[in-house]
Amino acid sequence: MSDKLSPQQRHKAMAAVRSKNTKPELIVRHGLWKRGFRYRLNHKRLPGHPDLVLRKYRTCIFVNGCFWHGHKVDMTTFENSDCCRIPNTNRDYWVAKIRRNKERDHAEQKQLAAMGWHCITVWECELKPASREETLDSIAFTLNHIWLHDHGAKAIQYPKLEEEVQMPIAADNNHSNTTNHLFFRPTTNQ
Ligand SMILES: [Zn+2]
């Protein structure tokens, strides 16, 4: 990669990309909001401060920049990938930085998994206009799959014989809540 920027300029440019509310994160937020999902942002008490947290789906979403998080970069060779081109100027510096980021990502996601959270990583390159909608649809699909998996386990235990008499009442009370979810369309709360 020919690098027209000085190391200082490049550092500044990269740091700007890294800051919060970067465009890829907004694309994911808007896309999921439009699809009916509700979330919290940058949950401070969770490892790694996930960009989006969907409690109902026990899922954390990280929107990762391909450069900073070394997308498709092998941890042993650190060869450039098509979406992570490490500058030749100060290459060792960037490799060390990206390595630390990747190791940290891995450790944080392991911690989150141990706490019962699913983690979805969305890469910046997957949000380019051509593939954006497909990526967002696939996140929505995964979230619904997680929800069904969690709630399906309960459905299998049910009905128990002695509860059958009371079942219609319970079903009526819950009916309007559950039906929507089963059709993959979480309703908005407004
Ligand atoms: Zn990428």
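Note that the coordinates shown come from a computational prediction; the quantities given were computed from them, not determined experimentally. (Residues numbered from 1 in each chain as written. Predicted model: local features only at pLDDT ≥ 70, side-chain atom pairs only at ≥ 80, totals over all residues.)

Some details on the nonpolar core
Reasoning step 1: The biggest cluster of nonpolar side chains holds 20 residues, and the ones touching the most others in it are Val 28, Leu 54, Ile 61 and Val 122.
Reasoning step 2: Looking at this core, the elements that each hand over two or more residues are helix H2 (23–34), strand S2 (52–54), strand S3 (59–64), strand S4 (118–123) and helix H4 (129–156).
Reasoning step 3: Not counting the four nearest positions on each side in its chain, Ile 61 is found in contact with Val 28, Pro 50, Asp 51, Leu 52, Ile 120 and Val 122.
Reasoning step 4: Counting residues in each nonpolar core, the second largest holds six residues, with Phe 67, Cys 84, Ile 86 and Trp 94 among its members. (Core = buried A, V, L, I, M, F, W, Y, C linked by C-beta atoms within 7 Å. Buried ≥ 20, exposed ≤ 12 C-beta atoms within 10 Å, placed from the backbone. Helix = DSSP H or I, 4+ residues; strand = E, 2+ residues; numbered from the N terminus. Contact = placed C-beta atoms within 7 Å.)

What to know about the pairing of S4
Reasoning step 1: Direction of pairing for S3 relative to S4: parallel, over a ladder of six bridges. Residue pairing in the sheet places Cys 60 in a bridge with Cys 119 of S4.
Reasoning step 2: For the segment spanning S3, helix H3 (residues 91–114) and S4, crossover handedness is right-handed. (Pairing = 2+ DSSP bridges. Right-handed = clockwise from strand over helix to strand, strands pointing away.)

Quick notes on the sheet that holds S4
Reasoning step 1: Read across the open sheet, the four strands follow the order S1-S2-S3-S4; overall the sheet is mixed. Among the strands making up the open sheet, the edge pair consists of strand S1 (40–41) and S4.
Reasoning step 2: Where H2 meets the sheet, its contacts fall on S2, S3 and S4, and the angle it forms with S3 comes to roughly 145 degrees. (Axes fitted to C-alpha atoms, helices over the stretch in contact; angles between N-to-C directions.)

Considerations on the environment of Ala 113
Reasoning step 1: Within the secondary structure, Ala 113 sits in helix H3.
Reasoning step 2: Distance in space between the C-alpha atoms of Ala 113 and Cys 60 is 9.8 Å, their sequence separation being 53 residues.

Regarding H2
Since one α-helical turn is 3.6 residues long, residues separated by three or four positions face the same way.
Reasoning step 1: The end-to-end C-alpha distance of H2, which contains twelve residues, comes to 16 Å, matching closely the 16 Å that a straight helix rising 1.5 Å per residue would cover.
Reasoning step 2: Buried residues of H2: Pro 24, Glu 25, Ile 27, Val 28 and Leu 32, and no others. Angularly, the buried residues of H2 cover 160 degrees about the axis, an arc narrow enough to put them on a single face. Away from its buried face, by an angle of more than 90 degrees, H2 presents the exposed residues Lys 23, Leu 26, His 30 and Lys 34.
Reasoning step 3: Positive phi shows up at Gly 36, right after H2, with a value of about 95 degrees. (Expected span 1.5 Å × (residues − 1). Arc of directions from axis to C-beta.)

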